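For reference, the chains in residue letters:
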Amino acid sequence: ATGMYCYYFFYFSVHHPLTIPGGTRQSPINIQWRDSVYDPFLKPLKISYDPTTCLHIWNNGYSFLVEFDDSTDRSIIDGGPLENQYRLKQFHFHWGAMNDWGSEHTVDCKFYPAELHLVHWNAVLYPTFEEAVMEGNGLAVIGVFLKLGACHEGLQTLVDALPAVKHKDTVIEFDVFDPSCLIPSCPDYWTYAGSLTTPPLTESVTWIIKKQPIEVDENQLEAFRMLLFTSDGEEEKRMVDNFRPLQPLMNRTVRSSFQ
Ligand SMILES: NS(=O)(=O)c1c(F)cccc1F
Ligand SMILES: [Zn+2]
């Protein structure tokens, strides 16, 4: 099936032949706060999204993607560790069956119940997203941790639409949404060179992981967990634990934008 993402159980760890041969910059990783290196030359991240570029929500059988019109430079990020501006293509989440796990990255080995990924591609250097996915500086993904707390008003508009994309390969129109409401106000972030965390796992991502999590409540996390990996008519499999296991840091340094 197209877009069929397989998700790796723990035993597909680094010693398993199915890990990416020769992979030296795989994601996700544990961010050991004390080992991250403050880089005073890192700029603030500039985020400018046009809410009307929002198109639809799609359950692709791995996560639910909120996709954007990336035919122009209306929704972009720039600055931070980036040498070019990058266009917003989609955002999606990874989450667990329980609140004790679910994020892909960890901070000092702590898991969060979920993690948001805002996926951008380098339209300055590459003609399409598909080509950018194959290049070392092709993608920039902003990662935001979700922690259990107060209801997130901005997320609720998205949560209310999820029952319409319960099954794999269902889509619902989603006309106006400003993803900036999901990004914490604190400017602090970590950044490192990594990869996609789903196939093709290509080493094309500049990761920008926000230090401050956003708060969501139990009902909002439960709404994620009622989605299905399976199509309508198939035996139901709840969409949970759609995160990849931690990967070795190897010869990488995680930089911080803060002291
Ligand atoms: N998880 S991730 O952010 O690495 C990611 C991408 F960047 C691009 C496509 C799918 C996907 F899952
Ligand atoms: Zn992701």
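See the structure printed just above.
The rules we used
- Residues numbered from 1 in each chain as written.
- Chains lettered and ligands numbered in written order.
- Predicted model: local features only at pLDDT ≥ 70, side-chain atom pairs only at ≥ 80, totals over all residues.
- Heavy atoms only, no water.
- Near = heavy atom within 4 Å.
- Polar contact = N/O pair within 3.5 Å; in protein donor to acceptor, adjacent residues only side chain to side chain.
- Areas by Shrake-Rupley, 256 points an atom, 1.4 Å probe, with all protein chains shown as cover.
- Helix = DSSP H or I, 4+ residues; strand = E, 2+ residues; numbered from the N terminus.
- Nonpolar A, V, L, I, M, F, W, Y, C, P; charged D, E, K, R; others polar.
- Phe/Tyr/Trp six-rings, centres within 6.5 Å; stacked < 30°, edge-to-face > 60°.
- Buried < 20%, exposed > 50% of the residue type's maximum accessible area, 1.4 Å probe, protein only.

Draft legend 1. Geometry of the site of ligand 1. Around ligand 1 sit Gln90, His92, His94, Glu104, His117, Val119, Val141, Leu196, Thr197, Thr198 and Trp207, and those are all the residues in its vicinity. For ligand 1, an oxygen atom lies 3.4 Å from a polar atom in the side chain of His117. Thr197 places a side-chain nitrogen or oxygen 2.8 Å from a nitrogen atom of ligand 1. Burial of ligand 1 by the protein amounts to 94% of the accessible area it has alone, namely 310 Å². Looking at the shell around ligand 1, the elements that each hand over two or more residues are strand 7 (86-95) and strand 9 (114-121). Considering each element in turn, the shell around ligand 1 owes the most residues, three residues, to strand 7. Residue classes in the shell around ligand 1 are distributed as four nonpolar, six polar and one charged.

Draft legend 2. Geometry of the packing of aromatic side chains. Counted according to the given criterion, the structure contains 13 aromatic pairs. Taken together, a centroid distance of 5.1 Å and an interplanar angle of 85° make the contact between Trp33 and Trp190 edge-to-face. Taken together, the positions of Trp33 in the loop between strand 1 (30-31) and strand 2 (37-38) and Trp190 in strand 12 (residues 189-194) put the pair 157 residues apart, joining distant regions of the chain. Since its relative accessible area comes to 37%, Trp33 is described here as partly exposed.

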